[in-house]
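# Structural description and commentary
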Amino acid sequence: MNDAPPAIDIRSLRVDYGDFVAVDDLTLSVPPREVFGLVGPNGAGKTSTFRVLTTLMEPTYGEVILDGVDVLEDLESARRIIGYMPDLAPVPSDLKVWEFLDFHAAAYGLGNRSQRRERVAECLEEVSLTDQAGKWCKELSRGQTQRVVLAKTPLHRPRVLILDEPASGLDPLARRDLRNALRKLADAGATVFVSSHILSELAEMCSSLCVMNRGKLLASGTVDQVRHQLGSTERVLTATLLARHGEAGEWLSSQPAVHDLKITGQQVIFGFSGDDEAQADLMEGILALGIRMRAFEEKRSSFEDILVEVAENNRHA
Ligand SMILES: Nc1ncnc2c1ncn2[C@@H]1O[C@H](COP(=O)(O)OP(=O)(O)OP(=O)(O)O)[C@@H](O)[C@H]1O
Ligand SMILES: [Mg+2]
């Protein structure tokens, strides 16, 4: 476990747009050197949270401490330690790729011309864009543009990187580069906070993550902890029977927590929301009917399914 003070410390954060509560009492802390994920559907409040963290917006109330700096009190220090990649990254103007990065390096006061060039080259290399350095920014594809912005984010060696859906528009190879680049940044001492709609994408690159929906934090921790906190005990069970499928299906359908049962070939497949004991009872029940069972399999619903379920429940709440 990591006992160091958190690199990202958000306390009771609230963001209102008029009467609308976009971020509702968000309290969250992220230990240093983590690649930490924020997952949530459209409108969950991810970008609003990030805009406060990156000093672009004042919250209604709450506190944000990044790497020991109070972001709402000391904007200037905060901006020096933060690297932000916005969700809709501004398309660079009439500059070549390296000029765009050099311009930002100069704005951050990163040494003389040759030191800047070296740093720009390093950052381009990280996102496999070295061969595009001389291209006009306006001539880049969407994914390439995304990578230019990605190369710009760590330019000034920020202690905390905040990336809003950085993987959107990237091909699988570029996603792998992104994962490696974020891991490397964290290994070098930075803390990375990264958002996505797609959990599997975050699960691949993050050590821990949190789930937000309709402005509220629903769960936080490792993937397994989050699954547990979301209370998903839902699984899909398959009984492969040698005979009497209809009879087994009828009996199963009458049992509590069994739903959506269907029979295909030898298999009786159904959703089950009971606990382990109840599941063992089901197996025993089928055997007690004298039905010959060849296999009994369990598949947890995917994390993606759980999130859809959570978002749906919230939508109807
Ligand atoms: N400037 C604004 N004025 C009014 N409402 C806003 C404003 N910006 C965001 N909202 C509302 O706040 C909620 C949260 O928006 P936010 O952009 O933070 O969500 P998000 O999680 O980033 O969503 P997405 O996945 O679509 O990017 C949404 O319901 C949105 O309509
Ligand atoms: Mg957003």
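Residues numbered from 1 in each chain as written. Chains lettered and ligands numbered in written order. Predicted model: local features only at pLDDT ≥ 70, side-chain atom pairs only at ≥ 80, totals over all residues. Heavy atoms only, no water.

## Quick word on the overall build of the chain
Helices and strands together make up the secondary structure of the chain, namely 11 helices and 14 strands. Relative to the 2.2 N^0.38 estimate, which gives 20 Å for 317 residues, the radius of gyration of the chain is 25 Å and therefore markedly larger than a compact globule would have. When the backbone C-alpha atoms are referred to their principal axes, the chain occupies close to 85 × 45 × 40 Å. Pairs at least 24 residues apart make up 68% of the contacts formed inside the chain by residues separated by at least 6 positions. Of the roughly 16,100 Å² of accessible surface on the chain, 50% is carried by carbon and sulfur atoms. Charge-centre separation for the chain: the mean point of 35 positive side chains lies 7 Å from the mean point of 47 negative side chains. (Helix = DSSP H or I, 4+ residues; strand = E, 2+ residues; numbered from the N terminus. Rg over C-alpha atoms; globule rule 2.2 N^0.38 Å. Contact = heavy atoms within 4.5 Å. Areas by Shrake-Rupley, 256 points an atom, 1.4 Å probe, with all protein chains shown as cover. Lys, Arg positive; Asp, Glu negative; His and termini not counted. Charge placed at Lys NZ, Arg CZ, Asp CG, Glu CD.)

## So, the packing of aromatic side chains
One pass over the full model with this rule turns up 2 aromatic pairs. Consider the rings of Phe-36 and Phe-193, whose centres lie 5.6 Å apart with planes at 55°: the pair is tilted. In this pair, Phe-36 is assigned in strand β3 (residues 35-39) and Phe-193 in strand β8 (residues 191-196), connecting sequence segments 157 residues apart. Plain terms: the ring middles of Phe-50 and Phe-193 are 5.0 Å apart, the flat faces sit at 65° to each other, and that makes the pair edge-to-face. With Phe-50 in helix α1 (residues 46-53) and Phe-193 in strand β8, this residue pair connects regions lying 143 residues apart in the sequence. (Phe/Tyr/Trp six-rings, centres within 6.5 Å; stacked < 30°, edge-to-face > 60°.)

## Let's talk about the sheet that holds strand β6 (residues 82-85)
The 6 strands lie next to each other as β6-β7-β8-β3-β9-β10, forming an open sheet whose pairing is mixed. Of all the strands in the sheet, just β6 and β10 (216-221) have a single pairing partner and so form its edges. Strand-to-strand twist across the sheet, computed as the mean angle between neighbouring axes with direction ignored, equals 15°. Of the strand pairs in this sheet, strand β9 (residues 208-213) and β10 are connected by 5 bridges, and their pairing is antiparallel. From the neighbouring strand, Met-212 faces β10, where its bridge partner is Leu-217. (Pairing = 2+ DSSP bridges. Axes fitted to C-alpha atoms, helices over the stretch in contact; angles between N-to-C directions.)

## Considering the pattern of salt bridges
What the rule picks out here adds up to 16 salt bridges. The partner of Glu-126 in a salt bridge is Lys-184, and the shortest N-O contact between them spans 2.8 Å. Remark: Lys-184 occurs in helix α6 (residues 172-187) and Glu-126 occurs in helix α4 (residues 113-126); sequence separation between them is 58 residues. Look at Glu-126 and you get partly exposed, because its relative accessible area is 31%. Salt-bridge contacts for Arg-183 lead to Asp-187; the nearest nitrogen and oxygen are separated by 3.5 Å. On the criterion of helical spacing, the pair formed by Arg-183 and Asp-187 is a turn pair, its members being 4 residues apart in helix α6. Members of the salt-bridge network, linked through shared partners, are Asp-9, Arg-11 and Glu-63. (Salt bridge = Lys/Arg side-chain N within 4 Å of Asp/Glu carboxyl O. Buried < 20%, exposed > 50% of the residue type's maximum accessible area, 1.4 Å probe, protein only.)

## Observations regarding the environment of Ala-105
Tracing the chain through its elements places Ala-105 in helix α3 (residues 97-107). A relative accessible area of 0% places Ala-105 in the buried class. For the pair Ala-105 and Ala-186, spaced 81 residues apart in sequence, the C-alpha separation works out to 21 Å. Once residues within four sequence positions are removed from consideration, Ala-105 is found in contact with Leu-110, Arg-116, Val-120 and Leu-155.

## Here's the deal with the side chain of Gln-144
If you trace the backbone, Gln-144 turns up in helix α5 (residues 142-152). According to the relative accessible area criterion, Gln-144 is buried, its value standing at 15%. Ignoring sequence-local partners within four residues, the contact set of Gln-144 consists of Leu-129, Gln-132 and Lys-135.

## Things to note about the site of ligand 1
With respect to spatial proximity, 13 residues lie near ligand 1, and among them Gly-43, Lys-46, Thr-47, Ser-48 and His-197 are the closest. Gly-43 places a main-chain nitrogen or oxygen 2.8 Å from an oxygen atom of ligand 1. Calculation on ligand 1 without its partners gives an accessible area of 640 Å², and the protein chains cover 60% of this total. By residue class, the composition of the shell around ligand 1 is 5 nonpolar, 6 polar and 2 charged. (Near = heavy atom within 4 Å. Polar contact = N/O pair within 3.5 Å; in protein donor to acceptor, adjacent residues only side chain to side chain. Nonpolar A, V, L, I, M, F, W, Y, C, P; charged D, E, K, R; others polar.)

## Brief notes about the nonpolar core
In terms of nonpolar packing, the biggest core is built from 45 residues, with Leu-124, Leu-163, Leu-182, Val-194 and Leu-230 touching the most fellow members. Core analysis: the second largest hydrophobic core is formed by 29 residues, Ile-8, Val-30, Ala-44 and Ile-82 among them. (Core = buried A, V, L, I, M, F, W, Y, C linked by side-chain atoms within 4.5 Å.)

## Let's talk about α1
Along α1, 6 of the 8 residues are buried, which leaves the element largely enclosed by surrounding structure. For α1, the set of buried residues is Lys-46, Ser-48, Thr-49, Phe-50, Val-52 and Leu-53. Directly beyond the C-terminal end of α1, a positive phi value near 70° is found at Thr-55.

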